[in-house]
Amino acid sequence: MEVQWVLVCHGMVTLTVVVSFLCGHSPIFKGTPVGWIHYFLTFGAWDYLLRFVEFVFGSKGTDAVLSVESFCCDRPNPFLQIIYLLLLGSTYFITVKSSFVYIPGYYIGEVHKYMSFGAVIIGVLLFLLTSFCDPGTVNAKNVSQYISVYPYDDIIYSEKECPTCKIPKPARSKHCSICNRCVARFDHHCGWMNNCIGEKNTKYFMAFLLWHFLLCLYGAVAIGFILAGRVKELRIVHILTSYYGIENTFRSLAPRVLQWLVGTYNTQILLLVFFFLVSLLLAGFFAYHLNLCLTNTTTNEKFKWREYTSLQKKISEAKASAAALKASMANAELERPAMSKWRGLWRRSEAKAEAIVAKRNMYDKGNFRNISEIVYPLSSRQAFQKPYHKSE
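All values reported here derive from a predicted model rather than from experimental measurement. (Residues numbered from 1 in each chain as written. Predicted model: local features only at pLDDT ≥ 70, side-chain atom pairs only at ≥ 80, totals over all residues. Heavy atoms only, no water.)

Visitor: Help me understand helix α3 (residues 79–99) in this model?
Guide: Residues that lie three or four places apart on an α-helix share one face, since the helix turns once every 3.6 residues. Its 21 residues give α3 an end-to-end C-alpha distance of 30 Å, which sits within 8% of 30 Å, the value for a rise of 1.5 Å per residue. For α3, the set of buried residues is Gln81, Tyr84, Leu88, Thr91, Thr95, Ser98 and Ser99. Summarising the axial view, the buried residues of α3 lie within an arc of 160 degrees, below the 170-degree limit, and thus occupy one face. Among the exposed residues of α3, those pointing more than 90 degrees away from its buried face are Leu86, Phe93 and Lys97. (Helix = DSSP H or I, 4+ residues; strand = E, 2+ residues; numbered from the N terminus. Expected span 1.5 Å × (residues − 1). Buried < 20%, exposed > 50% of the residue type's maximum accessible area, 1.4 Å probe, protein only. Arc of directions from axis to C-beta.)

Visitor: How do you make sense of the state of the cysteines when you look at a structure like this?
Guide: What makes a disulfide is a covalent bond joining the sulfur atoms belonging to two cysteines. All told, the structure shown has zero disulfides when counted by the stated rule. As a non-bridged cysteine, Cys182 has Cys162 as the owner of its nearest cysteine sulfur, 3.4 Å distant. (Disulfide = S-S within 2.5 Å.)

Visitor: Whenever I open this one, the UniProt feature "transmembrane region" (unreviewed entry) in the chain confuses me. Can you help?
Guide: Mapped onto the present numbering, the UniProt feature "transmembrane region" (unreviewed entry) falls on residues 6–24, 36–59, 79–102, 114–132, 204–228 and 269–290. Counting secondary structure, residues 36–59 comes out at 100% helix and 0% strand; the distance between its end C-alpha atoms is 28 Å. In this annotation, residues 79–102 is assigned 88% helix and 0% strand; the end-to-end C-alpha distance for the span is 35 Å. (UniProt positions renumbered as here; feature names shortened; annotations may be inferred.)

Visitor: Please explain the sheet that holds strand β1 (residues 137–138) as it appears in this structure.
Guide: Remark on secondary structure: sheet strands pair via backbone hydrogen bonds, oriented parallel or antiparallel. Strand order across the open sheet formed by three strands is β1-β3-β2, with antiparallel pairing between neighbours. If you trace the sheet from one side to the other, it starts and ends with β1 and β2 (174–176), each paired once. Direction of pairing for β1 relative to strand β3 (residues 181–183): antiparallel, over a ladder of two bridges. Residue pairing in the sheet places Val138 in a bridge with Cys182 of β3. (Pairing = 2+ DSSP bridges.)

Visitor: What should I look at first to understand unusual backbone geometry in this one?
Guide: The phi torsion of most residues other than glycine is negative, and most of the peptide bonds are trans. The omega torsion of the bond from Ile103 to Pro104 falls at 0 degrees, within 30 degrees of zero and hence cis. You can see Pro104 is positioned in the loop between α3 and α4 (111–132). We note that Asn180 has phi near 60 degrees; this positive angle belongs to a residue other than glycine. You can see Asn180 is positioned in the loop between β2 and β3. On the accessibility criterion, Asn180 (52% relative accessible area) is exposed. Despite not being glycine, Arg235 shows a phi value in the positive range, around 55 degrees. Summarising the element assignment, Arg235 is placed in the loop between α6 (202–233) and α7 (236–242).

Visitor: Sorry if this is basic, but what is going on with the confidence of the model for the chain here?
Guide: Note that predicted coordinates carrying low pLDDT should not be read in detail. Per-residue pLDDT for the chain has a mean of 85; in total, 87% of the residues score no lower than 70. Ignoring residues within four places in sequence, the model shows residues 352–358, a span with pLDDT below 50, making 10 contacts including any to other chains. Predicted confidence for residues 386–392 stays below pLDDT 50, and this span has one contact to residues more than four positions away or in other chains. (pLDDT = per-residue confidence, 0-100. Contact = heavy atoms within 4.5 Å.)

Visitor: I keep staring at the pattern of salt bridges and nothing clicks. Help me out?
Guide: When the charged atoms of two side chains with opposite charge come close together, those side chains can pair. Under the counting rule described, the total for this entry stands at four salt bridges. Between Asp47 and Arg51 there is a salt bridge, with the nearest N and O atoms lying 3.1 Å from each other. Of this pair, Asp47 and Arg51 both sit in helix α2 (residues 33–73), four residues apart, which is roughly one turn of that helix. Judged by relative accessible area, Arg51 falls into the exposed class, the value being 52%. Notably, a salt bridge pairs Glu373 with Lys365, separated by 3.4 Å at the nearest N-O pair. On the basis of relative accessibility, which here comes to 7%, the residue Glu373 falls in the buried class. (Salt bridge = Lys/Arg side-chain N within 4 Å of Asp/Glu carboxyl O.)

In structure tokens, the structure reads:
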């Protein structure tokens, strides 16, 4: 029973942490334990750690911790890449040692021993492709090419020079402070890949997310079939109904079978829960980035549009306030009508603000063309076509 309660508590804690980390910023969780846990995970824990280090070791200790943070977060380093490889390797090793002894089983064939190994190798290859492929570095040689394929929209992108690289800054590009380079169609810098996600490696990044989601889902389903096979091979249902007098219904048998599985195959249950939760996490990330790809938007542009929207709303609200104040001063003797007029002006300004800040994404050309740009980037098409223009 102790092992079962440990597993139940482990699953509940893991689920709570994952949900809090991913969804705790939502307004519906404001002032709730989920919101508090999200704040603690994203900001509070680090703040308390710095305070504790400063209290115990003084300013020198804080400086040492901040220097480690700078090395891990502000400069290119393989720290998270090593963690990924260790996590993948150790998980596969534990799965092999604990579960492959039951393959082949009643519901699963021996081919899955080799399929699982091949699936892991493909995952590593996608990881290496995303990590070491050029994301689309912009330099003096190719900057004119990127400017020609990505026009400025004069809303969130306008003609300017990168102050660090000292070259014109193409639309949709961004200078990554970690990699110290401008990247075309910049999405974000991924610490797990130790690389930026940009024009030329977004397709590998998407394949990496999709494949690892399917890999974790495959692991969870395979272990589920292994456990179901053990129940069938050992005739657990027959033993429970014949020798223990348990009623032969799902409602009566399911809790007893689950209790037996947790007590007998606790490692496999832990792996199943782990694979399932990680697959949910990866599914969320993949769905988010797939939506960006379908609308030809990047994570960087999401933030830019949000800033633009916020700024336009503030400007509209300021204009509405000024108009309302002017109207109320002109009609000071008519207090109640002035108030209704102020409200009318405010509502009209809000409607106008919504119209002004509506997203005008000129790069969205329809789902099919947007996806084709991910698979076959625009700059690569132009580079391919250049020789034909010259020959003509």
